[in-house]
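A structural walkthrough
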Amino acid sequence: HGRRLASEVRTAQEAIWQDELARLLRKLGRPAGDLGKAGKSVDWKLALAARLKAGTTATNRWLGGTLCLGNLHEVSRKVAEWMRHPDPVLTRKLS
């Protein structure tokens, strides 16, 4: 029973993250298909990841897989670097 509940909670969380991702992609004027086409370290994807981390409980593993950013350690490193030197234009677009 506990595992099923945990799975249901995770599914609900991921739905919230997906909704927020879709909203942020609209703000950037980008289709979801661009996530797989763009490089792992492009600014707009790192801006999305940083915004999702700041505004949701999205995990590095989910961000890495969904945004095509690489493994969870790469996501952590790349987003931390982005947070030190964010692009003000992208930050405004996503706020």
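Residues numbered from 1 in each chain as written. Predicted model: local features only at pLDDT ≥ 70, side-chain atom pairs only at ≥ 80, totals over all residues. Heavy atoms only, no water.

**Observations regarding the pattern of salt bridges**
Rule in force here: Salt bridges are counted wherever a side-chain nitrogen of Lys or Arg sits within 4 Å of a carboxyl oxygen of Asp or Glu. Runs of E in the DSSP output that reach at least two residues are strands. Runs of H or I that reach at least four are helices, and both are numbered from the N terminus. With a 1.4 Å probe rolled over the protein chains alone, any residue whose accessible area is under 20% of its type maximum counts as buried; one over 50% counts as exposed, and the rest are partly exposed.
All chains considered together, the criterion is met by five salt bridges. Of the charged contacts, one joins Glu-20 and Arg-23 as a salt bridge, the two residues approaching to 2.7 Å between their closest N and O atoms. Pair noted here: Glu-20 and Arg-23 are both in helix α1 (residues 2-28), with a separation of three residues, about one helical turn. For Glu-20, a relative accessible area of 17% puts it in the buried group. Overall, Arg-23 belongs to the partly exposed group, its relative accessible area being 29%. Residue Lys-78 pairs with Glu-74 through a salt bridge whose shortest N-O separation is 3.8 Å. Taken as a pair, Lys-78 and Glu-74 lie in helix α5 (residues 72-84) at a separation of four residues, close to a single helical turn. With a relative accessible area of 8%, Lys-78 lands in the buried category.

**Examining the environment of Gln-13**
Within the secondary structure layout, Gln-13 lies in helix α1. With 43 residues separating them along the chain, Gln-13 and Thr-56 place their C-alpha atoms 9.0 Å apart.

**What to know about the nonpolar core**
The condition is simple: In these notes, a set of buried Ala, Val, Leu, Ile, Met, Phe, Trp, Tyr and Cys residues joined through side-chain atoms within 4.5 Å is what counts as a nonpolar core. We call two residues contacting when some pair of their heavy atoms lies within 4.5 Å.
Ranked by internal contacts, the top residues of the largest apolar core, which has 23 residues, are Leu-21, Leu-48 and Leu-67. Those elements that place two or more of their residues in this core are α1, α3 (43-55), α4 (60-66), α5 and α6 (88-94). Counting residues per element, this core draws most heavily on α3, which supplies seven residues. Setting aside its immediate chain neighbours within four residues, Leu-21 contacts Leu-35, Leu-48, Leu-52, Trp-62, Thr-66 and Leu-67.

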